[in-house]
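Residues per chain are reported as follows:
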Amino acid sequence: GLLASTHEINRFMTTHSFFYSNNPKYRLMRHFVFWFVWISYVIIINSLRMGSSYIGFNAFFQYTVIEMLVLLSVDIVFCYAVIYLLLPKYLLHEKYIYFFLFLALFLLLDTSVSSYFYTWLINPLRKLYHLPEFKYIAVTDLLRASGLNGVLMMTGVAASIKFFKMWNIKKQELYLVKSEKISRELKFIDTYIQPSFLPVLLKKIYSYSFSATNKVPEM
């Protein structure tokens, strides 16, 4: 029972090593796949903006790749800070006030660095590709812009994946605990059941059948 359950869980974790293994190889693969998919999605969406009419689609696509890699570098740091710092240290320990305070602080830092990047990195890049430069983008502009929705959506997707993984692992652990509990209860019951009582009882009934016939049916 218990050994079978443990074997089944181990087989489940081994079969889905890519998702659940803590082996550095699988962890790096998981992160690489997630960021590759997300960055590809963002690049494709942003390459459809107005701009290809100025310099052509190929040149604008190259510009978009560089722009998104620069801007997403800030958002990726924000995402990891939330996933590996704020969630385990505050949210999972029900310290909600600290969680939302630090979340707001990290968002402010994210938008501040992004504003700096727009001014000193993105605008020179746009000038290099003969695109109209952005006007000065303040932190308040970014807090109201779709970029804030983008970083929150990215972090929300990553957090959802992490929570789903944690939930699945806990479900497997709960199954193992229940199996172990049942196994212990069966062993406990087995210690109080003596299988020899039946032959003793039959011998006693047999002896009574000679001396006290009227007690046999009751026995």
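See the structure above.
What comes next is a walk through the structure. (Residues numbered from 1 in each chain as written. Predicted model: local features only at pLDDT ≥ 70, side-chain atom pairs only at ≥ 80, totals over all residues. Heavy atoms only, no water.)

## A short note on the overall build of the chain
On a plain count of helices and strands, the chain comes out with nine helices and zero strands. Shown N-terminal to C-terminal, the secondary structure of the chain runs as helices and strands in the order α-α-α-α-α-α-α-α-α. Nonlocal contacts in the chain, meaning residues at least 24 apart in sequence, comprise 64% of its contacts between residues at least 6 apart. Put simply, the chain shows about 15,400 Å² of open surface, and 69% of that area lies on carbon and sulfur atoms. (Helix = DSSP H or I, 4+ residues; strand = E, 2+ residues; numbered from the N terminus. Contact = heavy atoms within 4.5 Å. Areas by Shrake-Rupley, 256 points an atom, 1.4 Å probe, with all protein chains shown as cover.)

## Quick word on the environment of tyrosine 54
Mapped onto the elements of the fold, tyrosine 54 is located in helix 4 (residues 52-55). In contact with tyrosine 54, other than residues within four places in its own chain, are Leu131 and Pro132.

## Focus on the pattern of salt bridges
It is possible for side chains bearing opposite charge to pair when their charged atoms get close. As enumerated under the stated definition, the model contains one salt bridge in all. The shortest N-O distance in the salt bridge between glutamate 67 and arginine 49 comes to 2.6 Å. With glutamate 67 in helix 5 (residues 57-91) and arginine 49 in the loop between helix 3 (24-46) and helix 4, the pair connects residues that are 18 residues apart, well separated along the chain. Here arginine 49 falls in the partly exposed class, since its relative accessible area comes to 27%. (Salt bridge = Lys/Arg side-chain N within 4 Å of Asp/Glu carboxyl O. Buried < 20%, exposed > 50% of the residue type's maximum accessible area, 1.4 Å probe, protein only.)

## Side note on a nonpolar patch on the surface
Taken together, Tyr41, Ile45, Met153, Val157 and Ile161 make up a surface patch of nonpolar side chains, about 440 Å² in accessible area. Of all the elements in the fold, those that place two or more residues in the nonpolar patch are helix 3 and helix 8 (146-192). Per element, the largest residue contribution to the nonpolar patch is three residues, and it comes from helix 8. Here tyrosine 41 is to be found in helix 3. On the basis of relative accessibility, which here comes to 42%, the residue tyrosine 41 falls in the partly exposed class. (Patch = residues over 30% accessible without salt bridge, like charges linked within 9 Å, V, L, I, M, F, W, Y side chains within 5 Å.)

## Examining the packing of helix 5 against helix 6 (residues 96-128)
For any two helices packed against each other, one specifies the inter-axial angle together with the distance between the axes. Axis separation between helix 5 and helix 6 bottoms out at 10 Å; the angle between their running directions is 165°. In terms of axis orientation, helix 5 runs roughly antiparallel to helix 6. Where helix 5 crosses over helix 6, the handedness of that crossing is right-handed. Classifying every residue of the contact of helix 5 with helix 6 gives 26 nonpolar, two polar and four charged. (Axes fitted to C-alpha atoms, helices over the stretch in contact; angles between N-to-C directions. Parallel < 35°, antiparallel > 145°, perpendicular 65-115°, else oblique. Left-handed = near helix turned anticlockwise from the far one by under 90°. Nonpolar A, V, L, I, M, F, W, Y, C, P; charged D, E, K, R; others polar.)

## Brief notes about the packing of aromatic side chains
Any pair of aromatic rings gets described here by the distance separating the centres and the angle formed by the planes. Tallied over the entire structure, the rule returns 16 aromatic pairs. Here phenylalanine 34 and tryptophan 35 contribute two aromatic rings whose centre-to-centre distance is 4.9 Å and whose plane-to-plane angle is 75°, an arrangement assigned as edge-to-face. Residues phenylalanine 34 and tryptophan 35 agree in their burial class; the two are buried. Where tyrosine 80 meets tyrosine 84, the ring centres are 5.8 Å apart and the plane angle is 20°; that geometry is what we call stacked. Of the two residues, tyrosine 80 and tyrosine 84 both sit in helix 5, four residues apart, roughly one turn of that helix. Each residue in the set Phe34, Trp35, Tyr80 and Tyr84 is aromatic and connected to the rest through ring pairs, giving one cluster. Directly above the aromatic system of tyrosine 26 lies the positively charged group of lysine 25, at a separation of 4.8 Å from the ring centroid. (Phe/Tyr/Trp six-rings, centres within 6.5 Å; stacked < 30°, edge-to-face > 60°. Lys NZ or Arg CZ within 6 Å of the ring centre and 35° of its normal.)

## A short note on the side chain of arginine 30
Secondary-structure assignment places arginine 30 in helix 3. Residue classification places arginine 30 among the buried residues on the basis of a relative accessible area of 15%. When residues no more than four places from it in sequence are discounted, the contact partners of arginine 30 are Ser17, Phe18, Phe19, Tyr20, Ser21 and Lys165.

## Some thoughts on the nonpolar core
What tends to happen in soluble globular proteins is that the nonpolar side chains get buried as a cluster. By size, the foremost hydrophobic cluster in this structure holds 38 residues, and its most contacted members are Trp35, Tyr63, Leu72, Phe78, Leu86 and Met154. Only helix 3, helix 5, helix 6 and helix 8 provide two or more residues apiece to this core. By residue number, the principal contributor to this core is helix 5, which donates 15 residues. Setting aside chain neighbours within four positions, we find leucine 86 in contact with Ala81, Leu91, Phe99, Phe102, Leu103 and Phe106. (Core = buried A, V, L, I, M, F, W, Y, C linked by side-chain atoms within 4.5 Å.)

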